[in-house]
Amino acid sequence: MAPTRKKSDGLLARVNFPLYALQMLTTRHVLVAGGGGSSKTGVANGFEIFELIFDGETFIAKEVMRHETGPKVVMNCATYYDNKNTYLVAGQESHCQLYKVAITVDKQTDNATPNGTIEQNNLRRRKGDSSKVDSNSNSSVKCLKFKFNAQDSIQTDFSEVEPIQRVVRISRCGKLMATGGTDGHIRLWHFPAIKLSLDIKAHTKELDDVDFSPNSKELVSVSKDGKALVWNVHNGKQIFNLTWNVPEGVKYLFKRCRYGSIVEDRNKYRLFTISNCTSTQSSSSSVPSAVLHQWCADTGTVRKSVNFTESLSALAVRDDGTFLAVGTMFTGTVALYIAFSLQCVMNVKNAHSMFVTGLELLPSKESSITSNSEAAVLSISVDNKICIHNLPFRRTLSPWIVIVLIIITLICAFVICSYIGL
């Protein structure tokens with residue numbers, strides 16, 4: 001097992017294969033996947049799990065385990081935990097492989113984690129809690145161990161040329177799984193039984209991304225045919241065709257799509273997409289190379305947008321919908337935005353030496369990772385790096401202080417105007 005790796009300029013860890021997929025396996029364990037493919041290059045294919053720890057100043061990634069998948073590279077994956085079992089589904093060429101992840105507790109004699117706690121199963125207790133400490137040693141802690149048990153493998157793409165599963169997502173309710181590939185079909189599967197529920201001939205070209213709405217009733221898909229469509233997951237009927245006012249003579253292709261919850265109203269949600277310009281006019285300063293859109297999920301109309309001077313490759317939204325992150329294609333930049341206003345609050349230039357292949361924001365709910373960050377985003381790339389970028393808590397004034405300052409300012413302005421006779 002590799003030693004604990006501390007971050008350096010955002011770097012958490014390096015692996016010896018290109019990275020294409022990123023998922024949180026627990027609230028403090030991150031899973032990365034990728035590989036070199038079926039060619040005999042000596043580059044492995046598979047998963048690697050790291051435990052995230054905050055030592056009071058920086059994040060640390062501790063390597064937990066590695067699982068190799070033979071000659072099949074893992075290009076996409078999704079995880080789900082149903083309060084009893086943990087599942088992983090992974091796209092391997094034209095098939096989707098289901099894994100049941102066995103999580104066991106292993107006693108170790110290390111001291112408590114750097115933040116002064118003893119951790120197990122995403123719970124946090126103070127040092128000295130007898131329910132977590134071995135009776136023979138006050139320094140014994142319990143750590144999680146993972147084992148991947150392969151279950152069913154099903155073909156999810158049936159393209160006649162080169163069938164490849166491009167994307168897989170599991171609904172938040174855990175009852176449905178969606179897959180998309182080069183044949184343009186969206187296939188909905190009962191989960192975790194992996195039985196076909198609906199086969200939607202959604203697009204004329206390969207899919208780039210899909211995502212379930214927070215209530216698991218709708219699904220959005222984007223494809224290289226230039227369309228972004230919203231579907232009813234119960235009957236497979238199209239609800240919206242997302243369109244926006246594209247400059248004349250310019251062509252954009254949707255690249256990624258994600259839903260986001262609204263904290264103020266759990267019954268409503270937002271929809272986000274990123275689009276890249278594919279026309280030669282993109283070299284013009286007046287034409288953005290990429291656009292981030294926020295859509296009204298009820299009407300399918302654009303609410304807000306942000307323009308970029310560089311193509312985008314990755315998009316992620318935090319589980320509570322308050323923050324979203326984007327990654328760029330050429331400079332490997334990672335940027336963090338407030339979801340409702342699309343205000344940029346963090347921009348990490350050259351986070352990676354190549355394009356960003358995956359992003360994941362640390363969960364918002366109270367977990368075993370306590371830090372001084374308001375938000376933190378993980379990023380991966382084909383440069384083999386796993387990085388983390390954290391947003392420190394922003395200092396804000398109390399509303400009452402703001403009101404008092406406004407009143408004082410108005411009084412001062414009135415006194416000055418009276419004094420000069422205005």
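Rules used throughout
- Residues numbered from 1 in each chain as written.
- Predicted model: local features only at pLDDT ≥ 70, side-chain atom pairs only at ≥ 80, totals over all residues.
- Heavy atoms only, no water.
- UniProt positions renumbered as here; feature names shortened; annotations may be inferred.
- Patch = residues over 30% accessible without salt bridge, like charges linked within 9 Å, V, L, I, M, F, W, Y side chains within 5 Å.
- Areas by Shrake-Rupley, 256 points an atom, 1.4 Å probe, with all protein chains shown as cover.
- Salt bridge = Lys/Arg side-chain N within 4 Å of Asp/Glu carboxyl O.
- Helix = DSSP H or I, 4+ residues; strand = E, 2+ residues; numbered from the N terminus.
- Buried < 20%, exposed > 50% of the residue type's maximum accessible area, 1.4 Å probe, protein only.
- Pairing = 2+ DSSP bridges.
- Axes fitted to C-alpha atoms, helices over the stretch in contact; angles between N-to-C directions.
- Core = buried A, V, L, I, M, F, W, Y, C linked by side-chain atoms within 4.5 Å.
- Phe/Tyr/Trp six-rings, centres within 6.5 Å; stacked < 30°, edge-to-face > 60°.
- Contact = heavy atoms within 4.5 Å.
- Polar contact = N/O pair within 3.5 Å; in protein donor to acceptor, adjacent residues only side chain to side chain.

You'll find the chain entered in an unreviewed UniProt entry as Prolactin regulatory element-binding protein, with Rhynocoris fuscipes given as the organism. The UniProt entry for the chain carries the following text under Subcellular location (unreviewed entry): "Endoplasmic reticulum membrane".

A. A nonpolar patch on the surface, seen in detail. Together, W400, I403, I407, I411, F414 and V415 give the surface a local cluster of nonpolar side chains, amounting to about 690 Å² of exposed area. Mapping I407 onto the fold places it in helix α1 (residues 399-419). When its relative accessible area of 45% is taken as the criterion, I407 is described as partly exposed.

B. Spatial organisation of the sheet that holds strand β24 (residues 302-308). The strand order across the open sheet built from 4 strands is β21-β22-β23-β24, with neighbouring strands paired in antiparallel fashion. A strand with exactly one partner marks an edge of an open sheet, and here the two such strands are β21 (252-261) and β24. Here the average twist between neighbouring strands, direction ignored, is 20°.

C. Inspection of the nonpolar core at higher detail. With 21 residues, the main nonpolar core has L12, F50, L52, F59, L362, L378 and I386 as its most contacted residues. Looking at this core, the elements that each hand over two or more residues are β2 (11-14), β3 (19-24), β4 (29-35), β5 (45-54), β6 (59-68), β30 (373-381) and β31 (385-392). Listed in part, the 19 residues of the second largest apolar core include Y269, L271, V287 and A297.

D. View of the pattern of salt bridges. According to the stated counting rule, one finds 12 salt bridges in the structure shown. E68 is the partner of R66 in a salt bridge, and the nearest nitrogen-oxygen pair spans 3.8 Å. On the basis of relative accessibility, which here comes to 30%, the residue R66 falls in the partly exposed class. Residue E68 is classed as exposed on the basis of its relative accessible area, which comes to 52%. Where salt bridges share partners, they join R166, E206, D208 and K224 into one cluster.

E. Main features of the sheet that holds strand β27 (residues 334-338). One open sheet accounts for 4 strands, arranged β25-β26-β27-β28; its pairing is antiparallel. The sheet terminates laterally at β25 (312-317) and β28 (343-348), the two strands that pair on one side only. Between one strand and the next, the sheet's axes are offset by a mean angle of 20°, whatever the strand orientation. Pairing geometry for strand β26 (residues 323-328) and β27, over 5 bridges, is antiparallel. Pairing of L324 across the sheet is with Y337, part of β27.

F. Structural detail: the packing of aromatic side chains. A full pass over the atoms with the stated rule returns 10 aromatic pairs. Taking 5.3 Å as the distance between ring centres and 20° as the angle between the ring planes, the aromatic pair formed by F47 and F148 counts as stacked. Separated by 101 residues along the polypeptide, F47 in strand β5 and F148 in strand β12 (residues 141-155) bring together distant segments of the chain. In this pair, the class of F47 matches that of F148, namely buried.

G. The UniProt feature "transmembrane region" (unreviewed entry) in the chain, seen in detail. Within this structure's numbering, the places UniProt gives as "transmembrane region" (unreviewed entry) are residues 323-345 and 400-421. Secondary structure content for residues 323-345 is 0% helix and 61% strand, while the C-alpha to C-alpha distance between its ends is 10 Å. This span, residues 400-421, is 91% helix and 0% strand, and a straight line between its end C-alpha atoms measures 31 Å.

H. Representation of the pairing of strand β20 (residues 238-241) within the structure. Here strand β19 (residues 228-232) runs beside β20; their pairing, made up of 3 bridges, is antiparallel. Looking at β20, one finds that V230 is bridged to F240.

I. View of the pairing of β28. Pairing geometry for β27 and β28, over 5 bridges, is antiparallel. Among the inter-strand pairings, A335 is bridged to a residue of β28, identified as N347. Taken together, β27 and the strand that follows it, β28, pair antiparallel across an intervening segment of 4 residues, in which L342 is found at a positive phi of about 55°.

J. Structural context of the side chain of S223. Mapped onto the elements, S223 comes out in strand β18 (residues 218-223). Excluding residues within four positions of it along the chain, S223 makes contact with H203, K205, E206, L207, D208 and F254.

K. Quick peek at the environment of R258. Within the secondary structure layout, R258 lies in strand β21. On the basis of relative accessibility, which here comes to 14%, the residue R258 falls in the buried class. With sequence-adjacent residues up to four places away left out, R258 is seen in contact with R169, D209, V210, D211, R270, L271, F272, L315, A316 and V317. At a separation of 2.8 Å, a polar atom in the side chain of R258 contacts the side chain of D209.

L. Summary view of the side chain of N85. Structurally, the position occupied by N85 is in the loop between β7 (76-81) and β8 (86-92). By relative accessible area, which is 18% here, N85 ends up buried. At 3.5 Å, the side chain of N85 forms a polar contact with the side chain of Y87. In this view, N85 contacts Y80 and K100; residues no more than four positions away in its chain are not counted.

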